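Topology and contacts: notes
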Amino acid sequence: MSNPTALIIDDERDIRELLSITLGRMGLQVDTACDVASAKQRLAETKYALCFTDMRLPDGSGQEVIELIAAKYPETPVAMITAHGNVDAAVTALKAGAFDFVSKPVDIGMLRRLVQTALRLGEERKVDLPSAAASRMLGDSPPILELRATIAKVARSQAPVYISGESGVGKELVARLIHEQGPRAAGGFVPVNCGAIPSELMESEFFGHKKGSFTGAQQDKDGLFQVASGGTLFLDEVAELPIHMQVKLLRVIQEKAVRPIGGRAEIPIDVRILSATHKNLAKLVESNHFRQDLYYRINVIELRVPPLRERSEDVPKLARRVLERLAGDDPQGPARLTPEALSALLTYPFPGNVRELENVLERAVALCEGNTIAPEDLRLSQRSATMSTPSGSADTTIDSARGDDADAGSESDLDSYISNLEREAIMKALQETRYNKTAAAKKLGITFRAMRYKLKKLGID
């Protein structure tokens, strides 16, 4: 079996020779072209495992080559060679179908990793593999079928993807599917909630630090970008990044390198960046709360995850899967929804989306009798169920469901009071039964399943 062949398109002989030598040492055969015309001829004659093209060519542009390959040779991964710092050209190339880009002067280590990724990508494009990961995104509605198809498409690229959608729709699951269906699946998937890291620790967490660089830095520490090397870094709630970190993140994306705190040299990184937020990032850009240049860098490809109310026909299948998971190895098997309970779920708008569906069913399983869930076990908010759902942001929807009347505070106080009473009663029963949860549930006159739910809800170990 012959070695895979790569095509290098560049009008600079030194670049062609450098790439040819590097790829040759990796076991690839190499063809070269110095302009668009000869590149088109080469592509028509030979099937290539990967292709590199310069941005500026004597008789045209690398963009033209990328668009040609995307249209006529989609199984061939193509990367753009750009001038140092010309990220705008790289972004345009990624939007046109390039899987990645490399800047001049070419870093050999980075080039080798890019080639390895491209070869894996090329192999995956030859066959339409069914994805076990995709099966976790349940549903047969048109929105979810379209989403699954788009995930499979964007997984082939190395372009940054911005995942938008309301809270609870499953943005992290989408990010994992993109990672698992792409050529970086063997690498790590590192999720980070940008809103959960204190501002003063962000730089150290993202970029790492050297021993002694600040008080408490007792040893070298790799940052999240280094931990995710060879894989994917998922920046959840990216809108929560403070401006100073947005500037540093932009530089990392442009330079493909990080400098740890206290470090003298930049460290090349090989990471695909996926990001998400439930907020309207475009509006945050308009209000100067999010940098426009960073927005364009992370939003090369935008992927919208539909809310559950736009795919209500998927609710029965989702509910069955949740109930099966909650049952575990319970000999009674999964709880069953009555037709009336299922009807209630189908007409409920789910401002909290799939996450809310899971919480509703977990509560219902704990409260139901005879392993059968009736409408009253669901305890759906009648106000939320009858409200009209706006087409705006998730924040507006959820706020509407919560309400803004004057009694909201007193309702919260009542909930807190009842929770304290429940906690006291449960703790007393546990102490009297020497922390035998089954005996404590019997003493309280509730099922063990209800006991387990209340322990979790009240945070009692």
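Owing to the predicted nature of the structure, the values given are computational and were not obtained by experimental measurement. (Residues numbered from 1 in each chain as written. Predicted model: local features only at pLDDT ≥ 70, side-chain atom pairs only at ≥ 80, totals over all residues. Heavy atoms only, no water.)

**Overview of the overall build of the chain**
In terms of helices and strands, the chain carries 21 helices and 18 strands. Per-residue burial over the chain gives 47% buried out of 461 residues. Sequence-distant contacts, at least 24 apart, represent 69% of the contacts inside the chain between residues at least 6 apart. A total accessible area of about 23100 Å² is found for the chain, and carbon and sulfur atoms account for 49% of it. (Helix = DSSP H or I, 4+ residues; strand = E, 2+ residues; numbered from the N terminus. Buried < 20%, exposed > 50% of the residue type's maximum accessible area, 1.4 Å probe, protein only. Contact = heavy atoms within 4.5 Å. Areas by Shrake-Rupley, 256 points an atom, 1.4 Å probe, with all protein chains shown as cover.)

**Focus on unusual backbone geometry**
With an omega of -5°, the peptide bond running from Lys104 to Pro105 counts as cis. Residue placement: Pro105 occurs in the loop between strand 7 (100–103) and helix 5 (108–125). Non-glycine residue Asn288 carries a positive phi angle of around 65°. Within the element layout of this structure, Asn288 appears in the loop between helix 11 (281–286) and helix 12 (292–298).

**Description of the packing of aromatic side chains**
Ring pairs (aromatic) are described by centroid distance and by the angle formed between their planes. A full pass over the atoms with the stated rule returns six aromatic pairs. With a centroid separation of 4.7 Å and an interplanar angle of 85°, the aromatic rings of Tyr348 and Phe350 are classed as edge-to-face. For Tyr348, a relative accessible area of 7% translates into the label buried. Assessed through its relative accessible area of 1%, Phe350 is described here as buried. Among the aromatic residues, those joined into a ring-pair cluster are Phe206, Phe207 and Phe225. Above the face of the Phe101 ring, Lys256 is positioned so that its terminal group lies 4.2 Å from the ring centre. (Phe/Tyr/Trp six-rings, centres within 6.5 Å; stacked < 30°, edge-to-face > 60°. Lys NZ or Arg CZ within 6 Å of the ring centre and 35° of its normal.)

**Some thoughts on the packing of helix 3 (residues 62–72) against helix 4 (residues 87–96)**
Their axes nearest at 9 Å, the elements helix 3 and helix 4 cross at an angle of 15°. Between helix 3 and helix 4, the interaxial angle falls into the category roughly parallel. Judged by the sense of rotation from one axis to the other, the crossing of helix 3 with helix 4 is right-handed. In contact with Gln63, Ile66, Glu67 and Ala70 of helix 3, helix 4 contributes Thr92, Ala93 and Ala96. Here the contact of helix 3 with helix 4 is composed, by residue class, of four nonpolar, two polar and one charged. (Axes fitted to C-alpha atoms, helices over the stretch in contact; angles between N-to-C directions. Parallel < 35°, antiparallel > 145°, perpendicular 65-115°, else oblique. Left-handed = near helix turned anticlockwise from the far one by under 90°. Nonpolar A, V, L, I, M, F, W, Y, C, P; charged D, E, K, R; others polar.)

**Some details on the confidence of the model for the chain**
Of all residues in the chain, 87% attain a pLDDT of 70 or more, and the chain-wide mean is 84. Within the chain, strand 8 (residues 161–164) carries the highest mean pLDDT (96), whereas helix 18 (residues 394–402) carries the lowest (37). Across residues 126–134 the pLDDT falls below 50, and counting only partners more than four positions away or on other chains, this stretch makes seven contacts in the model. In this model residues 383–412 is a low-confidence stretch, pLDDT under 50, and it forms 34 contacts with partners more than four residues away in sequence or in other chains. (pLDDT = per-residue confidence, 0-100.)

**Digging into the pattern of salt bridges**
In the structure shown here, the tally under the stated rule is 20 salt bridges. Two residues, Glu205 and Lys221, come together in a salt bridge whose shortest N-O distance is 2.6 Å. Of this pair, Glu205 sits in helix 8 (residues 202–207) while Lys221 sits in strand 11 (residues 221–222), placing them 16 residues apart in sequence. Assessed through its relative accessible area of 27%, Glu205 is described here as partly exposed. Because the salt bridges share partners, they merge into one network encompassing Asp10, Glu12, Asp54 and Lys104. (Salt bridge = Lys/Arg side-chain N within 4 Å of Asp/Glu carboxyl O.)

**A closer look at helix 4**
Along an α-helix, residues three or four apart share an orientation, since each turn contains 3.6 residues. Among the residues of helix 4, Val87, Ala89, Ala90, Val91, Ala93 and Leu94 are the ones counted as buried. Contacts made by the buried residues of helix 4 are with helix 3, strand 6 (78–82), strand 7, helix 10 (243–255) and helix 12.

**Observations concerning the sheet that holds strand 16 (residues 301–304)**
Across the sheet, which stays open at both edges, the five strands sit in the order 9-12-15-8-16 with parallel pairing between neighbours. A strand with exactly one partner marks an edge of an open sheet, and here the two such strands are strand 9 (189–193) and strand 16. Averaged over all adjacent pairs, the angle separating strand axes in this sheet is 20°, with direction ignored. Bridge count for strand 12 (residues 232–236) against strand 15 (residues 272–277) is four bridges, and the pairing is parallel. Pairing of Thr232 across the sheet is with Arg272, part of strand 15. Where helix 6 (residues 142–154) meets the sheet, its contacts fall on strand 8, strand 15 and strand 16, and the angle it forms with strand 16 comes to roughly 155°. (Pairing = 2+ DSSP bridges.)

**A short note on the pairing of strand 15**
Counting buried residues along strand 15, six of its six residues qualify, which places the element largely inside the surrounding structure. Every second residue of strand 15 is oriented toward a common face, with Arg272, Leu274 and Ala276 on one face and Ile273, Ser275 and Thr277 on the other, all of them buried. Looking at chain direction, strand 8 and strand 15 are connected through four bridges and run parallel. The residue bridging Val161 from the neighbouring strand is Leu274, located in strand 15.

**Structural notes on the environment of Glu64**
The topology assignment puts Glu64 in helix 3. The class for Glu64 is partly exposed, based on a relative accessible area of 32%. Glu64 sits 28 residues away from Val36 along the chain, and the two C-alpha atoms are 8.0 Å apart. Among all residues touching Glu64, those that are not within four sequence positions of it are Val36 and Lys40. A polar contact is formed between the side chain of Glu64 and the side chain of Lys40, at a distance of 3.1 Å. (Polar contact = N/O pair within 3.5 Å; in protein donor to acceptor, adjacent residues only side chain to side chain.)

**Examining empty space enclosed by the protein**
Going through the model one piece at a time under the given rule, you end up with three cavities of 30 Å³ or more. Of the voids in this model, the largest cavity is the one considered here, and its volume is about 310 Å³. Going through the elements one at a time, helix 4, strand 7, helix 5, helix 10 and strand 15 are the ones with two or more residues in the lining of the largest cavity. A per-element tally of the lining of the largest cavity places helix 5 first, with four residues. Taken together, the residues that form the lining of the largest cavity break down as 14 nonpolar, two polar and seven charged. Considered as a void within the structure, the second largest cavity measures approximately 50 Å³ in volume. Every residue along the wall of the second largest cavity is listed here: Ala155, Gln158, Ile178, His179, Gly182, Pro183, Arg184, Thr232, Arg272 and Leu274. When contributions to the lining of the second largest cavity are tallied by element, the ones reaching two or more residues are helix 7 (171–180) and strand 15. (1 Å grid on protein atoms, 1.4 Å probe; cavity = no way out; pocket = protein on both sides within 12 Å on 5 of 7 lines; lining within 4 Å. Points joined across faces, edges and corners; volume = space filled by probe spheres on them.)

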